[in-house]
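Given next are the chains, with one letter for each unit.
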Amino acid sequence: MRLLVDVMCGGIIPYLRMCNHDTAYAGDRGLEADDALLAAARDEKRTVVTRDVELAGRADESILLESRDVEAQLAALDAAGIELTLADEPRFCGRCNGPLEPVGSTASTPAYAPDPTEFATWICRDCGQHFWRGSHWDRVAETLSRVRESAEEE
């Protein structure tokens, strides 16, 4: 899914990227004016994700979120049919949305990243950030599990 998330909903960005959704963030692109955001969404064939009723109404495709709470926003996305399952092979950088590629087992990694012989590790081709399934991955998995459990109870 190709999404463009407005600045009102920035907390959901890493979740969407970790679920392999191509997720552009208006804040990263300086898209503050509605017309500029809508033009970018149209040009890139992206669905606008917003809390702004007027903006959602003007977009070709949009998902309107009502809550400010990240888990409630994720639940609304799940209800709208957005798949919220962590990717086995992540494709998008959580920081910049750039493409990820696996780090070879013989490659060196920065001090903050694990040894690629011990953990599957990916690097962003755009910003150089390294990613792996560590404690952050586990926290995101727990959050998504709560969202799914809440949806099943309703």
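This text follows the structure it describes.
Predicted model, so just to flag it, every value in this text is computed and none were measured.

A look at the overall build of the protein
Thinking step 1. A tally of helices and strands in the protein yields six helices and seven strands.
Thinking step 2. Secondary structure elements of the protein occur, N-terminal to C-terminal, as β-α-β-α-α-β-α-β-α-β-β-β-α.
Thinking step 3. On C-alpha atoms alone, the protein measures out to a radius of gyration of 16 Å, which is about the 15 Å that the 2.2 N^0.38 rule sets for 154 residues.
Thinking step 4. The dimensions of the protein, computed from C-alpha atoms along their principal axes, are 50 × 40 × 20 Å.
Thinking step 5. A total of 154 residues make up the protein; the buried ones form 40% of that total.
Thinking step 6. Accessible surface, the protein as shown: approximately 8,400 Å² in total, 46% of it carbon and sulfur.
Thinking step 7. Charge separation in the protein, taken as the distance between the mean sites of 16 positive and 29 negative side-chain charges, equals 4 Å.

Describing the pairing of strand β1 (residues 2–5)
Thinking step 1. Looking at chain direction, β1 and strand β2 (residues 22–25) are connected through four bridges and run parallel. What sits directly across from Leu3, in β2, is Thr23.
Thinking step 2. Handedness of the β1-helix α1 (residues 13–18)-β2 crossover: right-handed.
Thinking step 3. Pairing geometry for β1 and strand β3 (residues 47–50), over three bridges, is parallel. Paired with Leu4 across the strands is Val48, a residue of β3.

Notes on the packing of aromatic side chains
Thinking step 1. With the rule as written, the count across this model stands at one aromatic pair.
Thinking step 2. Plain terms: the ring middles of Tyr112 and Trp132 are 6.2 Å apart, the flat faces sit at 35 degrees to each other, and that makes the pair tilted. Of this pair, Tyr112 sits in the loop between β5 (100–102) and β6 (121–124) while Trp132 sits in strand β7 (residues 130–132), placing them 20 residues apart in sequence.

Quick notes on the sheet that holds β1
Thinking step 1. Taken in spatial order, the four strands of this open sheet run β2-β1-β3-β4, and their pairing is parallel. Taken across any chain shown, the strands that pair with only one partner, and hence form the sheet edges, are β2 and β4 (62–64). The average undirected angle you get between the axes of adjacent strands in this sheet is 25 degrees.
Thinking step 2. Sheet strands touched by helix α3 (residues 34–44): β1 and β3. Its angle to β1, the strand with the most contacts, is close to 175 degrees.

Focus on the environment of Ala141
Thinking step 1. Looking at the secondary structure, you find Ala141 in helix α6 (residues 135–153).
Thinking step 2. Classification of Ala141 by relative accessible area gives partly exposed; the value is 29%.
Thinking step 3. With 57 residues separating them in the primary sequence, Ala141 and Leu84 have C-alpha atoms 9.6 Å apart.

So, the side chain of Arg17
Thinking step 1. Among the secondary structure elements, Arg17 is positioned in helix α1.
Thinking step 2. Take Arg17: its relative accessible area is 1%, and that puts it in the buried class.
Thinking step 3. In contact with Arg17, other than residues within four places in its own chain, are Thr23, Ala24, Tyr25, Asp28, Phe92, Cys93, Gly94, Arg95, Cys96 and Asn97.

Observations regarding the packing of helix α5 (residues 70–79) against α6
Thinking step 1. Orientation of α5 relative to α6, taken along the N-to-C sense of each, is 60 degrees, at an axis distance of 9 Å. On the basis of their axis angle, the class for α5 and α6 is oblique. For the pair α5 and α6, the crossing hand works out as right-handed. Where α5 abuts α6, its residues Glu71, Leu74, Ala75 and Asp78 lie against Thr143, Leu144, Arg146, Val147 and Ala151.
Thinking step 2. Of the residues belonging to the contact of α5 with α6, the class tally is five nonpolar, one polar and three charged.

Criteria and thresholds
- Residues numbered from 1 in each chain as written.
- Predicted model: local features only at pLDDT ≥ 70, side-chain atom pairs only at ≥ 80, totals over all residues.
- Heavy atoms only, no water.
- Helix = DSSP H or I, 4+ residues; strand = E, 2+ residues; numbered from the N terminus.
- Rg over C-alpha atoms; globule rule 2.2 N^0.38 Å.
- Buried < 20%, exposed > 50% of the residue type's maximum accessible area, 1.4 Å probe, protein only.
- Areas by Shrake-Rupley, 256 points an atom, 1.4 Å probe, with all protein chains shown as cover.
- Lys, Arg positive; Asp, Glu negative; His and termini not counted.
- Charge placed at Lys NZ, Arg CZ, Asp CG, Glu CD.
- Pairing = 2+ DSSP bridges.
- Right-handed = clockwise from strand over helix to strand, strands pointing away.
- Phe/Tyr/Trp six-rings, centres within 6.5 Å; stacked < 30°, edge-to-face > 60°.
- Axes fitted to C-alpha atoms, helices over the stretch in contact; angles between N-to-C directions.
- Contact = heavy atoms within 4.5 Å.
- Parallel < 35°, antiparallel > 145°, perpendicular 65-115°, else oblique.
- Left-handed = near helix turned anticlockwise from the far one by under 90°.
- Nonpolar A, V, L, I, M, F, W, Y, C, P; charged D, E, K, R; others polar.

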